[in-house]
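Structural features, examined
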Amino acid sequence: MKKNSRKWNRRHEFQWHKATKSREGHPSYITESSGKFYRFFCFTHSPTTDGQKNVKLKHNIDPKENRDCYVRPKQMVEKNENFVPARVKYRFHDEDKPLIQRLRHKK
């Protein structure tokens, strides 16, 4: 089997992960890109996703919203055609940045 030799380039931006028949759309934080693929974290209001516990953030990524915000603990990879520009200006609170960095470097 041929090994993928593409390099993952850093990319730090929020985009909206489009909805499909099986899931709703969610805000996503894209950490890297390679060709037609993005490596990203997905955010949700649910404490679990597909039976897996999500990690709770101290502050919501949407500054105008007060509901609890959770991030899926592992980065996912999907084609970049499944993303559109974010509808809202999302941001990380300073208290949540170390958590995201820790999840990002976790193997």
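Look above for the structure.
A brief look at the structure comes next. (Residues numbered from 1 in each chain as written. Predicted model: local features only at pLDDT ≥ 70, side-chain atom pairs only at ≥ 80, totals over all residues. Heavy atoms only, no water.)

1. Section: the side chain of Ser-28
Along the polypeptide, Ser-28 turns up in strand 2 (residues 26-34). For Ser-28, a relative accessible area of 0% puts it in the buried group. If sequence neighbours within four positions are ignored, Ser-28 has contacts with Glu-13, Phe-14, Gln-15, His-17, Phe-40, Phe-41, Cys-42, Phe-43 and Phe-83. (Helix = DSSP H or I, 4+ residues; strand = E, 2+ residues; numbered from the N terminus. Buried < 20%, exposed > 50% of the residue type's maximum accessible area, 1.4 Å probe, protein only. Contact = heavy atoms within 4.5 Å.)

2. Some words on the packing of aromatic side chains
The full count for this structure, using the stated rule, is eight aromatic pairs. Judged by centre distance (5.2 Å) and plane angle (50°), the rings of Phe-14 and Tyr-29 are tilted. A residue pair is termed long-range when its members are at least 10 positions apart, and Phe-14 in strand 1 (residues 9-17) and Tyr-29 in strand 2 qualify at 15 residues. In this structure, Phe-14 and Tyr-29 share a single accessibility class: buried. Judged by centre distance (6.1 Å) and plane angle (45°), the ring pair of Phe-14 and Phe-43 falls under tilted. Remark: Phe-43 occurs in strand 3 (residues 37-44) and Phe-14 occurs in strand 1; sequence separation between them is 29 residues. An identical accessibility class is assigned to Phe-14 and Phe-43; each is buried. Three or more aromatic residues joined by ring pairs make a cluster, and in this case those are Phe-14, Tyr-29, Phe-43, Tyr-90 and Phe-92. (Phe/Tyr/Trp six-rings, centres within 6.5 Å; stacked < 30°, edge-to-face > 60°.)

3. A short note on the nonpolar core
The biggest cluster of nonpolar side chains holds 14 residues, and the ones touching the most others in it are Phe-43, Leu-57 and Ile-61. Looking at this core, the elements with two or more residues in it are strand 1, strand 3 and helix 1 (97-105). For this core, the element with the highest residue contribution is helix 1, accounting for three residues. Dropping the residues within four chain positions of it, Ile-61 is found in contact with Phe-14, Pro-27, Phe-43, Cys-69, Tyr-90, Arg-91 and Phe-92. Core analysis: the second largest hydrophobic core is formed by five residues, Ile-30, Tyr-38, Phe-40 and Phe-83 among them. (Core = buried A, V, L, I, M, F, W, Y, C linked by side-chain atoms within 4.5 Å.)

4. Some remarks on helix 1
Looking at helix 1, one finds that the buried residues are Leu-99, Ile-100, Leu-103 and Arg-104. For helix 1, the buried positions fall inside an angular range of 135° around the axis, keeping them on one side. Along helix 1, exposed side chains directed more than 90 degrees from the buried face belong to Arg-102 and His-105. Looking at the buried residues of helix 1, the elements they touch are strand 1, strand 2, strand 3, strand 6 (55-56) and strand 7 (70-71). (Arc of directions from axis to C-beta.)

5. Thoughts on the pairing of strand 2
For strand 2, a buried count of eight out of nine residues is recorded, marking the element as mostly surrounded by other parts of the structure. Here strand 1 runs beside strand 2; their pairing, made up of seven bridges, is antiparallel. Paired with Arg-10 across the bridge in strand 2 is Glu-32. Across six bridges, the pairing between strand 2 and strand 3 is antiparallel. Across the sheet, residue Glu-32 finds its bridge partner in strand 3, namely Arg-39. What sits between strand 2 and strand 3 in their antiparallel hairpin is a turn of two residues, with Gly-35 showing a positive phi close to 60°. (Pairing = 2+ DSSP bridges.)

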